[in-house]
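# Fold and geometry: a report
The chain contents come next:
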Amino acid sequence: EDAAGSASLPTELDVGLDPFINGTRWRGMILDSGCTTTVLIRDLSWFETFNTDDKIELTTADGTAQKVLTNGSGQVRLQLPLTKTGEEADNSVRLLIESAQCAPNFPNLFPTHLLTSNGFKINLDKSNSHIVTPKGGVIPLIVHRNKVILPFLPICEFEKPTTMPTAVMPVGNSSAV
């Protein structure tokens, strides 16, 4: 287990990358274009609110078809770097995930549909993968170990949030991976 109490991940699911962008060391989260319909977060300490009664069953996508129950759900705020700002006032954008699931045995996953259904545009290209925010900012994506990595930091690792605007990501029903 790691320091946060999460189980170690198999090599194929471990992101293994902490990109350095705009003078900041970011974490990496897998951008998932598959069946995931909810944000999966491994670290319970990143949640601002948490409901242990709101658990869902996840099915692994690695061929073993194991079923695992999450620990519950809650709100998580994420900060994403911008390599080009649009109408944003800063070199990052904050997102409020209203119903992320805590899944310590799974990698951190962010479903693409949450972005596209909220006006973000995703460009996947070997040499220039990125997300364009609704305000025209550009969030870099990193292709690493056959995965698309979204750089992020949980807001809880910072001091109190500033007045920087937060985009709210509504989440419908959660379902299996």
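Relevant structure appears above.
What you see is a predicted model; the values in this text were computed from it and never measured. (Residues numbered from 1 in each chain as written. Predicted model: local features only at pLDDT ≥ 70, side-chain atom pairs only at ≥ 80, totals over all residues. Heavy atoms only, no water.)

## Concerning the overall build of the chain
When helices and strands are tallied, the chain shows one helix and 15 strands. Considering the chain as a whole, with its 177 residues, one finds that 45% of them fall into the buried category. Look at the contacts in the chain between residues 6 or more apart in sequence, and 68% of them connect residues 24 or more apart. Carbon and sulfur atoms provide 49% of the accessible area of the chain, an area that totals close to 9000 Å². (Helix = DSSP H or I, 4+ residues; strand = E, 2+ residues; numbered from the N terminus. Buried < 20%, exposed > 50% of the residue type's maximum accessible area, 1.4 Å probe, protein only. Contact = heavy atoms within 4.5 Å. Areas by Shrake-Rupley, 256 points an atom, 1.4 Å probe, with all protein chains shown as cover.)

## Topic: the environment of L141
As for its placement among the helices and strands, L141 is situated in the loop between β12 (138-140) and β13 (142-144). Linking L141 and L124, residues 17 residues apart in sequence, is a C-alpha distance of 8.2 Å. Sequence-distant contacts of L141, defined by excluding residues within four places in its chain, comprise L31, I122, N123, L124, S129, H130, I131, V148, I149 and L150.

## Let's talk about the sheet that holds strand β11 (residues 130-132)
Taken in spatial order, the three strands make up an open sheet running β10-β11-β12, and their pairing is antiparallel. Every interior strand has two partners, whereas the edge strands, β10 (121-123) and β12, have only one. Across the sheet, the mean angle separating the axes of adjacent strands is 20 degrees when strand polarity is ignored. Here β11 pairs with β12 via three bridges, running antiparallel. Within the sheet, the bridge partner assigned to I131 lies in β12 and is I139. (Pairing = 2+ DSSP bridges. Axes fitted to C-alpha atoms, helices over the stretch in contact; angles between N-to-C directions.)

## A closer look at the pattern of salt bridges
Under the criterion given, the structure shown has one salt bridge. A salt bridge links E48 to R77, with the shortest nitrogen-to-oxygen separation between them at 2.9 Å. Taken together, the residues span a long stretch of sequence, with E48 in the loop between β4 (40-41) and β5 (57-59) and R77 in strand β7 (residues 72-81) at a distance of 29 residues. Overall, E48 belongs to the partly exposed group, its relative accessible area being 40%. (Salt bridge = Lys/Arg side-chain N within 4 Å of Asp/Glu carboxyl O.)

## Here we look at the nonpolar core
By size, the foremost hydrophobic cluster in this structure holds 25 residues, and its most contacted members are I41, F110, I131 and I139. Within the residue set of this core, elements represented by two or more residues are β3 (27-32), β7, β8 (92-102), α1 (112-116) and β14 (147-154). If one sorts the elements of this core by residue count, β8 sits on top with five residues. Grouped together as the second largest cluster of nonpolar side chains are eight residues, I56, L58, F106 and L109 included. (Core = buried A, V, L, I, M, F, W, Y, C linked by side-chain atoms within 4.5 Å.)

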